[in-house]
Amino acid sequence: MRFLLLLLLSITNGVTFAQDYPTRPVRIIEPFGAGGGPDVIARAVSPKLSELWGQPVTVENHPGAGSTAAPALVAKSPADGYTLLVNTSAQAYSAVLVKNLPYDPLKDFIAVAPLTSQPYVLVSGESSGITTVRELIAAAKVNPGVLKFGSTGIGTGTHLGLVKFNLQAGIEAVHVPPRPGDAITDVIANAVAGHTTYMMAPIQLALADIRAGRLRALGVTTMKRSSLLPDVPTIAETGMAGFDYPIWYGVWVPAGTPAGVVDKLAKGIARALATPDLRDWLVKHGGDPMSMTQPEFARFVVSESENAARIAKAAGIKLQ
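Source: prediction; values computed, not measured. (Residues numbered from 1 in each chain as written. Predicted model: local features only at pLDDT ≥ 70, side-chain atom pairs only at ≥ 80, totals over all residues. Heavy atoms only, no water.)

### Brief notes about the overall build of the protein
Okay, so step 1: Tallying secondary structure elements over the protein gives 11 helices and 10 strands in all.
Okay, so step 2: Dimensions of the protein along its principal axes, counting C-alpha atoms only, are 75 × 40 × 35 Å.
Okay, so step 3: Looking at the protein residue by residue over its 320 residues, the buried ones come to 49%.
Okay, so step 4: In the protein, once contacts between residues fewer than 6 apart in sequence are set aside, the share between residues at least 24 apart is 78%.
Okay, so step 5: For the protein, the accessible area works out to roughly 14200 Å², and carbon and sulfur atoms hold 57% of it.
Okay, so step 6: If you average the places of the 27 positive and of the 24 negative side-chain charges in the protein, the two averages end up 3 Å apart. (Helix = DSSP H or I, 4+ residues; strand = E, 2+ residues; numbered from the N terminus. Buried < 20%, exposed > 50% of the residue type's maximum accessible area, 1.4 Å probe, protein only. Contact = heavy atoms within 4.5 Å. Areas by Shrake-Rupley, 256 points an atom, 1.4 Å probe, with all protein chains shown as cover. Lys, Arg positive; Asp, Glu negative; His and termini not counted. Charge placed at Lys NZ, Arg CZ, Asp CG, Glu CD.)

### Overview of the pairing of strand 9 (residues 246-254)
Okay, so step 1: Strand 9 sits mainly inside the fold: eight of its nine residues count as buried.
Okay, so step 2: In this sheet, strand 9 lies alongside strand 4 (residues 109-125) in antiparallel orientation, the contact comprising eight bridges. Looking at the pairing, Q118 lines up with I247 of strand 9. (Pairing = 2+ DSSP bridges.)

### Points about the packing of helix 4 (residues 90-97) against helix 11 (residues 294-315)
Packed helices, taken two at a time, are described by the angle their axes make and the gap between the axes.
Okay, so step 1: Viewed as axis vectors pointing N to C, helix 4 and helix 11 meet at an angle of 50°, and their least axial separation amounts to 8 Å. As the angle between them shows, helix 4 and helix 11 are arranged oblique. Judged by the twist between their axes, the crossing of helix 4 over helix 11 is right-handed. Contacts between helix 4 and helix 11 involve A92, Y93, A95, V96 and L97 from the former and V301, E304, S305, A308, A309 and A312 from the latter.
Okay, so step 2: For the contact of helix 4 with helix 11, the class distribution of residues is nine nonpolar, one polar and one charged. (Axes fitted to C-alpha atoms, helices over the stretch in contact; angles between N-to-C directions. Parallel < 35°, antiparallel > 145°, perpendicular 65-115°, else oblique. Left-handed = near helix turned anticlockwise from the far one by under 90°. Nonpolar A, V, L, I, M, F, W, Y, C, P; charged D, E, K, R; others polar.)

### A look at the pairing of strand 3 (residues 83-88)
Walk down a regular strand and you will see the side chains alternate between the two sheet faces.
Okay, so step 1: Across the six residues of strand 3, six count as buried, placing the element largely inside the fold.
Okay, so step 2: Every second residue of strand 3 is oriented toward a common face, with T83, L85 and N87 on one face and L84, V86 and T88 on the other, all of them buried.
Okay, so step 3: Bridge count for strand 1 (residues 26-30) against strand 3 is three bridges, and the pairing is parallel. Directly across from R27, in strand 3, lies its bridge partner T83.

### Concerning empty space enclosed by the protein
Any empty space left between atoms is shown by rolling a water-sized probe over those atoms.
Okay, so step 1: Under the definition given, this model contains four cavities of 30 Å³ or more.
Okay, so step 2: There is about 110 Å³ of room inside the largest cavity.
Okay, so step 3: Lining the largest cavity are 15 residues, with F32, T88, I184, P202 and I247 positioned closest to its centre.
Okay, so step 4: Those elements that place two or more of their residues in the lining of the largest cavity are helix 2 (37-53), helix 6 (157-169) and strand 9. (1 Å grid on protein atoms, 1.4 Å probe; cavity = no way out; pocket = protein on both sides within 12 Å on 5 of 7 lines; lining within 4 Å. Points joined across faces, edges and corners; volume = space filled by probe spheres on them.)

### A short note on the layout of surface pockets
Okay, so step 1: By volume, the largest pocket is sized at about 510 Å³.
Okay, so step 2: Counting residues per element, the lining of the largest pocket draws most heavily on helix 4, which supplies three residues.
Okay, so step 3: Among the residues forming the lining of the largest pocket, the class breakdown is 16 nonpolar, 14 polar and three charged.

### What about the side chain of T88?
Okay, so step 1: Relative to the helices and strands, T88 is located in strand 3.
Okay, so step 2: Here T88 falls in the buried class, since its relative accessible area comes to 4%.
Okay, so step 3: Residues contacting T88, with those up to four places away along its chain left out, are F32, P38, I247, W248, Y249 and W252.

Here it is in structure tokens:
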């Protein structure tokens, strides 16, 4: 009888906690630094959540450790819904591509809600002389294992996307991961300087260099063109039929967060994304708002992790 009373009391307290949530400021932690995709999207969504919940929702940048510093911080935070992680698809990919992480990307988190999906742009530095996807593939086939491609780190979306591209194109090239402390802007700068031949980048971050002629946009990675680069073909259009590799963003909380809080977060984020002005802003900046229930998003994250494992196996990538 005492056990049942305690159980009922626990359930009642949990429901009350979820109904009252949030009663104080909510922190959003992102892993790539100011100006990166997660930072930009989190700062666009946070004011809507603040209006909805009547509490401040702040965004904090925690780059470093190959973009694992932020997830590590959130994984160790109290499971109460007041510390959220906004991350890219790398959260799913790293589960099968990176070992010895200070957290388990799947088991130590609950996938709450998706945010947006959008293409990467495949770029080459102006000094490379490469102006199209076909030219890139031809150059790599003439010099197998010579061309270099940059990424934001082993297990990240940019790394896996280029591995997928290389596999489908039938080419071999050398992966150049970032140096400790490098941000994605440094990786882009390496392509501009000619230290790497090609890379994939979020369009917003490469746009200034593309417009200035320092980078050449070879193709976008989704099946439809980007409104930000309407004259740039999709990679599929260039002859690589079916190539489709978006970058997507989502929200996670520490494992153990009460189900009621997770549900309230998921529904709040969905309501924020459904507001016309935010949707218009996201589309204008190249993003397609995603719509999934919390269970659907959780299944999607696992599926994406499994897809990453298949690509890694096909390429012979070993855990790093």
